[in-house]
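Fold and geometry: a report
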Amino acid sequence: MPNPSAPQTDRRQFLRMLAASPALPYVALSPKILHALGQEPFREGGPAGELIASPEEALTVFDFEAVAKEKLHYGHVAFLGGTEDEATYRANREGFTEYQLRVRRLVDISRIDMSVSLFGSSAHSPILLCPCGALGAFHRGGEVEVARAVNTRGHIMTLSNAASQPMEDVAAARGGPVWFQLYRDPDWSRTLAMIKRAEAAGSPVLAWTIDSQGGGKRIVHARARRRDRAFCGTCHTLNPDDRGLALPGFLGSTINPDGKPMTTTPPLGPPRLDGRIATWDYVKRLKDATSMKVVLKGIVTREDAELALEYGADGIWVSNHGGRMENSLRSSVECVPEVAAGVAGRAPIIVDGGFRRGTDIFKALALGATAVGVGRPYIFGLAAFGQAGVETALDILDSELRMVMRQAGTPSLGRITKSYVRDRRMPAW
């Protein structure tokens with residue numbers, strides 16, 4: 001007669017054997033089974049509930065995220081979330097797992113050069129700071145606090161035209177010009193005023209974000225606003241019929257304009273309304289209006305990369321808005337190879353979306369990117385510890401990239417080519 005307790009006994013014996021096995025770290029197990037083994041699932045930000053108390057304790061940029069989420073209002077955390085079911089937001093992280101590194105040995109790596117020059121802006125690292133609006137929501141010091149950190153670390157910073165502090169103050173804290181990111185206004189007189197203001201502040205680059213015209217449905221953010229309308233109403237003009245849909249065009253349309261210095265720049269002349277939707281001809285309009293280099297932010301295909309250069313763009317910025325607009329399920333890093341093929345070395349390529357580790361950055365450079373933008377890592381550093389948090393987050397990413405360059409045998413950025421990365425979905429050699 002079968003022993004009814006045998007299956008339970010066998011299961012316990014199997015779990016004990018597995019717990020003692022050196023293969024355990026390489027076996028994909030559910031959190032439930034790991035708990036039965038007395039193990040915790042691997043977390044990029046450290047054990048659950050364990051928060052760092054100072055920037056110096058951080059081992060990865062994920063450590064800042066955990067602290068920031070404890071300090072911030074949930075509505076501001078939700079602001080950084082993705083669109084719809086956040087699948088594209090997750091895809092940005094998962095995309096890096098599709099690429100393996102092909103490292104080389106016995107190369108002279110005694111000196112590592114990570115310096116880069118983009119449109120006249122020099123930096124010691126290819127890691128630049130992406131634009132993000134309303135940084136004052138994450139720390140009282142806002143963009144000025146970030147600029148001070150950038151000044152000490154020597155990175156390139158891009159300021160959103162939805163920033164909570166004036167560009168002039170940010171540039172002063174940076175100790176030099178910052179790049180300017182544009183959401184065009186339907187009124188050309190207002191758009192032109194922002195462009196001329198950025199020019200006057202010394203900005204060498206205008207990065208026009210083009211992926212917002214279709215709108216986006218950020219459900220997590222919309223639920224947060226609905227849950228605490230009193231809190232959100234202190235900064236935002238809330239539509240009672242809001243369904244979480246971002247209007248096409250200028251995303252600041254639901255934000256209190258008094259808190260956005262660039263968007264309140266007085267227009268240059270009477271209104272010249274040209275609608276919420278722009279097409280490729282608008283690139284030439286921008287080029288004719290400014291001496292700044294014009295970069296298109298939001299390119300994700302070879303065809304559009306080719307069109308961008310055809311219409312006069314000086315650079316390409318591969319981005320899916322951090323998974324916060326269209327729900328394409330394509331990670332930014334997976335878009336780089338085809339964009340690079342379309343550009344064919346004719347212009348610099350920047351990419352952002354999900355970058356959290358040095359290996360992520362190395363892979364993008366190997367696939368054809370010139371520089372890599374980060375957003376949430378420095379924002380969480382800002383929210384957690386202010387200027388020191390931003391500085392340490394950048395230090396961690398720089399040190400990790402430097403380590404990977406040593407491991408791979410690539411002492412300079414120019415040595416990082418597609419031969420150092422392999423798409424695991426392709427047949428092996």
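For the structure given in this document, a descriptive report is provided here.

Rules used throughout
- Every chain begins its residue count from 1, and numbering advances along the sequence as written.
- Only residues with pLDDT of at least 70 get local features here, since the model is predicted, and only at 80 or more are side-chain atom pairs given and counted; chain-wide, interface and lining totals rely on the full set of residues.
- Excluding hydrogens and water, the side-chain values take into account all heavy atoms of the structure.
- Going along the chain from the N terminus, every DSSP run of H or I of four or more residues is numbered as a helix, and every run of E of two or more is numbered as a strand.
- Relative accessibility under 20% of the residue-type maximum defines a buried residue, over 50% an exposed one, and the middle range a partly exposed one, all with a 1.4 Å probe and only protein chains included.
- By the convention used here, residues are in contact when the closest approach between their heavy atoms is within 4.5 Å.
- Surface accessibility in these figures is a Shrake-Rupley result with a 1.4 Å probe; residues are shielded only by whichever protein chains are displayed.
- Just to be clear on terms, a salt bridge is a Lys or Arg side-chain nitrogen sitting within 4 Å of an Asp or Glu carboxyl oxygen.
- Within this analysis, patches are made of residues with over 30% relative accessible area and no salt bridge. Like charges are joined at 9 Å or less; nonpolar side chains (Val, Leu, Ile, Met, Phe, Trp, Tyr) at 5 Å or less.
- Positive: Lys, Arg. Negative: Asp, Glu. His and the chain ends are not part of the count.
- Every charge is mapped onto a representative atom, which is NZ of Lys, CZ of Arg, CG of Asp or CD of Glu.
- Grouping buried Ala, Val, Leu, Ile, Met, Phe, Trp, Tyr and Cys residues that are joined through side-chain atoms within 4.5 Å yields what is termed a nonpolar core.
- We call two strands paired when DSSP finds no fewer than two bridges between them.
- Here the term right-handed applies to a crossover when the path leading from its first strand over the helix to its second strand runs clockwise, the strands being oriented away from the viewer.

When you go through the protein residue by residue, the secondary structure sums to 16 helices and twelve strands. Put simply, the protein has 429 residues, and 52% of those count as buried. Counting only contacts in the protein whose residues sit at least 6 apart along the sequence, the fraction spanning at least 24 positions is 72%. Total accessible area computed for the protein in this model is approximately 20000 Å², and 54% of it derives from carbon and sulfur atoms.

Okay, the pattern of salt bridges next. Under the definition given, this model contains 17 salt bridges. Between arginine 197 and glutamate 168 there is a salt bridge, and its shortest N-O distance comes to 2.9 Å. Separated by 29 residues along the polypeptide, arginine 197 in helix H8 (residues 188-200) and glutamate 168 in helix H7 (residues 167-174) bring together distant segments of the chain. Among the salt bridges present, the one from arginine 285 reaches aspartate 274, with a minimum N-O distance of 2.7 Å. Taken together, the positions of arginine 285 in helix H11 (residues 281-289) and aspartate 274 in the loop between helix H10 (229-232) and H11 put the pair eleven residues apart, joining distant regions of the chain. One network of salt bridges, with partners in common, ties together Glu98, Glu334, Asp423 and Arg425.

With that settled, consider a positive patch on the surface. Residues Lys217, Arg223, Arg226 and Arg229 make up a contiguous surface patch of positive charge. Position of arginine 229 among the secondary structure elements: in helix H10.

Of note in this structure, leucine 106 is not a glycine but carries a positive phi near 55°. Structurally, leucine 106 is set in the loop between strand E1 (99-101) and strand E2 (116-118). Residue classification places leucine 106 among the exposed positions, given a relative accessible area of 91%. Despite not being glycine, alanine 344 shows a phi value in the positive range, around 55°. Mapped onto the fold, alanine 344 is located in the loop between helix H13 (332-343) and strand E10 (349-352).

This part takes up the nonpolar core. Of all hydrophobic cores here, the largest spans 108 residues; its most connected members are Val146, Met157, Trp179, Trp208, Leu286 and Tyr378. Looking at this core, the element that brings in the most residues is helix H16 (residues 387-408), giving nine residues. Ignoring sequence-local partners within four residues, the contact set of methionine 157 consists of Leu129, Glu143, Val146, Ala147, Val150, Val170, Val178 and Trp179.

This paragraph deals with the environment of lysine 217. With respect to the helices and strands, lysine 217 occurs in the loop between strand E7 (205-209) and helix H9 (219-227). Using a relative accessible area of 36% as the deciding quantity, one classes lysine 217 as partly exposed.

On to the pairing of strand E6 (residues 179-182), then. Side-chain alternation along E6 places Trp179 and Gln181 on one buried face and Phe180 and Leu182 on a second face that is also buried. Pairing of strand E5 (residues 158-160) with E6 involves three bridges; the strand directions are parallel. Looking across to E6, one finds that threonine 158 is bridged to tryptophan 179. The parallel pair E5 and E6, bridged by H7, forms a crossover whose chirality is right-handed. Pairing analysis gives three bridges linking E6 to E7, with the strands arranged parallel. What sits directly across from glutamine 181, in E7, is alanine 207. Considered for its hand, the β-α-β crossover made up of E6, H8 and E7 is right-handed.

By the element assignment, leucine 80 lies in the loop between helix H4 (74-79) and helix H5 (87-94). With a relative accessible area of 6%, leucine 80 lands in the buried category. For the pair leucine 80 and glycine 375, spaced 295 residues apart in sequence, the C-alpha separation works out to 9.6 Å. Leucine 80 has contacts with Tyr89, Cys132, Phe138, Arg324, Arg376, Ile379 and Phe380, leaving out every residue within four places of it along the chain.

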